[in-house]
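# Observations on chain architecture
Residue-level listing of the chains:
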Amino acid sequence: MTQTIAPRVRTLVLLILAVAGALLAGAAPATAHAALTGSDPAQGAVVDTAPSQVSLTFSEPVAVGDDSVRVLDPKGERVDKGEPADPGGTTYSVRLVSGLPDGTYTVAYQVVSADSHPVAGAFTFSIGAPSETTVSVDAQGSDEGLVGWLYGFGRYVSYAGFVVLAGGAAFVLVCWAPGARVRAVQRLVVAGWLALTAATLGLLMLRGSYTTSGKVGDVFDLELLGDVLQTKTGAALVSRLLLLAAAALFIAVLFGAYARTADAGDPDRPAEGDGGEPDKRDLTFGLALGGTVVAAGLAASWAMSEHASQGLQAGVAMPVDVVHLLAVAAWLGGLTALLVALYRAPVETPVGQDAVRRFSRLAFGSVVTLAVTGVYQSWRQLGSWSAFTDTRYGQLLLVKIALVAVMVAAAFLSRRWTQRLADARVSGAAGEGGRTGSAEGSERTAATVGSEEAERAEEAERAEGEKQPAGDVTVEAAATSGASEASSASGGSQASGGSQASDGASPAADAEAAEASTASGGTSEASAEKAGSGPDAVRATQLARQRAATEAARQKRLRDADPNRFGLRRSVLAEAGVAVVLLAVTTVLTQTEPGRTEQDAKAAAATSSSTSSTGQGSGAVSLTMPFDTGGTNGKGVVSIDLDPAQAGDNSLHVYVEGPDGTPVDVPEVKIALTLDAQDIGPLPVAPDHITTGHWSASGVQIPMAGDWKVEVTVRTSDIDQVTVSKNAQIG
């Protein structure tokens, strides 16, 4: 039965990697987490006169550079001048050259959102009338191409490395202390550290090109690297590298001093609470505390620079995200360590049933934590039930939830196999006191057998050293008996194991058993050489090693042939396979625009389209009115944004610009709303000054729908003021 394990494992691993690769390769480029919610001129608008500037409004603050916003004429020549200005809030503008002719103009923008992802796009507007243009609005963003793919792959590797590093260490400390002495588990945790370190360095080098040009040659641009180090994302990556240095020290202590205190003889003995020496308890406590702090710091390097750091309740979302990442690592990383232990642990250090039960409890607590934190994060990123099906983020989240459900089902099967393994062990022990009833009990005899064989070899060495004729006879007898015992042991294992033992035989199993027996046999051979023994003693030592290897291989075949352990292995392997795909989906999810932002952007685009065609509508109303107070600097334009332009509570924004389109402050701005048809009003509104050229008022009460007159009084000096008005349909 177990003879087909290796091919099945290889097939499943290849399938899992193929699915994960398809998810990463087929994922859309890192979609903007800040969305363009408005522009002036609006997308597709046709204006009568050439504007003096172009303004872009995003859903959250963004980082802009010299070439972040470009305006191109129909021939593809740039007509913008100067750097983009940030007059305040989330609106950014760029000045245009004067005297622009009629035609279609293209606005291309490339900025970096506050949660570290590049935002790129383009749209057109026309002066006078639309015309042909040589500019394509579907330009490739910096996050596409080879650099974008490498950056996405680096993010996946960094997540996987963190999960394996933190989860593997937690598995050793909490569930299986003897695992600190198992070479396969050590390699797993160290591999997680190496993967996370290499991925972090790669992301730091790729970051500059990823957010600007997207060219491979710019990856090694030191000037871009210096710019990256001054950003929030760069600081997070550097902090991660410093924490990884502390993690290296943690690993050294875990697999050094701590491993020497672990009891390999009892696989079910926990790392703490065993009544051991105070030094051991202090070391365990120190490792647990220090490891938790380092793991939390590593998780915070993601939380403080990505989704959680922006949007609603950022102060709550960041610690929730840290807890979420730690729970993921404890579950998926611990599961990976358990899988490695089940397949690669040596015979003398088996994974006991109690260790599996401890991990089961740890995984259950992690799943509960993931459910609670996941519900909060879903509400924060989606905002509505419809976003589950109407947005890409919601659809990916549904896939993630389904994968988690599959993993929980596989975990339930693992618990059943663990219980069967325990029941078989108890019944076997009660049936025959001299024979172990399960594979775990059989495994622990391998080390004893190896020790007995080593003692026989040492007796042969001492006999050779005494140079007595009888000793020669003894050595020859030992060699002869060793050969016969090795032959009988091999034959006995085949006879007693039956078809199950023969099915479990594999070169990999024999190699592991031989490696496990090297410690006992190698000691005897070294002693023989040190004592200057002859060839007969060396031969006896080699025979002892062969007998130990044969016995270890037999015990491993018996362990692998146990149907309960085989079922546990398969269920844990299935969990790990789903976990790989789940991690890939999570990585794509972090690169996808949140559903709440996507829906807000769609609503803003719809409102902008309605406003540009009718000037007013059932959605938000935007009114633009030129004014002239007659005094010095008395000319300009005042704009009113009213949202949602319905009866009840509304928010109102006032923008004042000079003749050149730049925001300007004036001493006073007052608003009055009047519904002449019902003799209501004027209702005064006193907006608060927000920033240069921007005033705002919330909770503006409009009692009923109708054709309301909006009056704006602008005062530019102590004596110069004017009132302008426009009508707006409310409701």
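Presented here is an overview of the structure given in this document. (Residues numbered from 1 in each chain as written. Predicted model: local features only at pLDDT ≥ 70, side-chain atom pairs only at ≥ 80, totals over all residues. Heavy atoms only, no water.)

### Some words on the overall build of the chain
Stated formally: Where helices and strands are cited, they refer to DSSP runs of H or I of at least four residues and of E of at least two residues respectively, numbered from the N terminus. When accessible area is computed with a 1.4 Å probe and restricted to protein chains, residues below 20% of their type maximum are described as buried, those above 50% as exposed, and intermediate ones as partly exposed. Residue contacts are counted whenever heavy atoms from the two residues lie within 4.5 Å of one another. Method for areas: the Shrake-Rupley scheme with a 1.4 Å probe, in which residue coverage is limited to the protein chains shown.
Assigned secondary structure in the chain consists of 18 helices and 18 strands. Counting all 731 residues of the chain, 48% fall into the buried class. Contacts in the chain between residues far apart in sequence, at least 24 positions, make up 72% of those at least 6 positions apart. Summed over its atoms, the accessible surface of the chain is roughly 32,800 Å², and 58% of this surface lies on carbon and sulfur atoms.

### Brief notes about the packing of helix α3 (residues 183-211) against helix α8 (residues 314-344)
The condition that has to hold: Lines fitted to C-alpha atoms define the axes, with helix axes restricted to the stretch in contact, and inter-axis angles between N-to-C directions lie between 0 and 180 degrees. Small angles under 35 degrees read as roughly parallel and large ones over 145 as roughly antiparallel, with 65 to 115 read as roughly perpendicular and the rest as oblique. Here a crossing is taken to be left-handed if its near helix is turned anticlockwise relative to the far helix by less than a right angle, and right-handed if that turn runs clockwise.
The interhelical angle for the contact between α3 and α8, taken along N-to-C directions, is 150°, at an axis separation of 9 Å. When the axis of α3 is compared with that of α8, the two are roughly antiparallel. Taken as a pair, α3 and α8 cross one another with a handedness that is right-handed. Contact with α3, carried on its side by Ala184, Val185 and Leu188, involves Thr336, Ala337, Val340 and Arg344 of α8 and no other residues of that element.

### Examining empty space enclosed by the protein
Rules: Both cavities and pockets are sets of points on a 1 Å grid over the protein atoms alone; in a cavity a 1.4 Å probe fits but cannot get out, in a pocket the set is open with protein on both sides within 12 Å along at least five of seven lines, and lining residues sit with an atom within 4 Å of a point. Grid points are joined across faces, edges and corners, and a volume is the space filled by probe spheres set on the points. Side-chain classes are defined by residue name, with Ala, Val, Leu, Ile, Met, Phe, Trp, Tyr, Cys and Pro counting as nonpolar, Asp, Glu, Lys and Arg as charged, and the others, Gly among them, as polar.
Tallying each qualifying case throughout the model produces 1 cavity of 30 Å³ or more. Lining the largest cavity are 13 residues, with Tyr151, Arg155, Thr233, Arg240 and Glu306 positioned closest to its centre. Secondary-structure elements contributing two or more residues to the lining of the largest cavity are α2 (145-175), α3, α5 (232-254) and α7 (278-303). For the lining of the largest cavity, a count of residues per class yields 5 nonpolar, 4 polar and 4 charged.

### Quick word on the pattern of salt bridges
Pairing between side chains of opposite charge can happen when the charged atoms of each approach one another. Using the following cut-off: Salt bridges are defined by distance alone: a side-chain nitrogen of Lys or Arg within 4 Å of a carboxyl oxygen of Asp or Glu.
On inspection of all chains with the given rule, the structure shows 4 salt bridges. Here Glu668 makes a salt bridge to Arg715, at a shortest N to O gap of 3.0 Å. A residue pair is termed long-range when its members are at least 10 positions apart, and Glu668 in strand β13 (residues 668-675) and Arg715 in strand β17 (residues 706-715) qualify at 47 residues. Given a relative accessible area of 19%, Arg715 falls into the buried group.

### Remarks on the sheet that holds strand β18 (residues 721-730)
Where strands meet in a sheet, backbone hydrogen bonds hold them as pairs that are either parallel or antiparallel. Going by this rule: A strand pair is defined by DSSP finding two or more bridges across the two strands.
Read across the open sheet, the 4 strands follow the order β14-β13-β17-β18; overall the sheet is antiparallel. On the outer flanks of this sheet lie β14 (680-685) and β18, each paired with one strand and no other. For this sheet, the mean angle separating the axes of adjacent strands, direction not counted, is 20°. Sheet topology note: the β13/β14 ladder contains 4 bridges and is antiparallel.

### Description of the environment of Gln310
Locating Gln310 in the fold gives a position in the loop between α7 and α8. Residues Gln310 and Glu60, 250 residues apart in the sequence, show an inter-C-alpha distance of 8.1 Å.

### Describing the side chain of His694
The criterion, for reference: Here a polar contact is taken to be a pair of N or O atoms separated by no more than 3.5 Å, where protein atoms must pair a possible hydrogen donor with a possible acceptor and residues adjacent in sequence count only if both atoms sit in side chains.
Position of His694 relative to the elements: it lies in strand β16 (residues 694-702). Looking at His694, its side chain comes within polar contact range of the side chain of His653, at 3.0 Å. Non-local contacts of His694, meaning those with residues more than four positions away in its chain, are made with His653, Val654, Tyr655, Asp688 and His689.

### Some words on the pairing of strand β15 (residues 688-691)
Two elements, β15 and β16, share 3 bridges in a ladder whose sense is antiparallel. Each bridged residue has a counterpart across the sheet, and for His689 the counterpart in β16 is Trp695.

### Let's talk about the side chain of Thr233
Tracing the sequence through the fold places Thr233 in helix α5. Residues contacting Thr233, with those up to four places away along its chain left out, are Ser116, Tyr151, Arg207 and Ser305.

### Here we look at the nonpolar core
Put simply, the test is: Residues belong to one nonpolar core when they are buried, are Ala, Val, Leu, Ile, Met, Phe, Trp, Tyr or Cys, and are joined through side-chain atoms within 4.5 Å.
Core analysis: the largest hydrophobic core is formed by 75 residues, its most contacted members being Phe162, Leu165, Trp176 and Leu254. With 15 residues, the top contributor of residues to this core is α8. Residue contacts for Leu165: discarding those within four places in its chain leaves Val189, Gly192, Trp193, Leu196, Leu244, Ala247, Ile251 and Leu298. Grouped together as the second largest cluster of nonpolar side chains are 29 residues, Leu642, Val666, Trp708 and Val710 included.

### Observations concerning α3
This is how it is decided: To estimate how far a helix should extend, the number of its residues minus one is multiplied by 1.5 Å. Two axes enter the definition of the bend at a residue: one is fitted to the seven residues ending there, the other to the seven starting there, and the bend is the angle between them.
The end-to-end C-alpha distance of α3 is 41 Å, a good match for the 42 Å that 29 residues give at a rise of 1.5 Å each. At Met205, α3 shows its maximal bend, which comes to roughly 35°.

### What to know about α8
An ideal rise of 1.5 Å per residue puts 45 Å on 31 residues; α8 measures up with 43 Å between its terminal C-alpha atoms. Across the 31 residues of α8, 23 count as buried, placing the element largely inside the fold.

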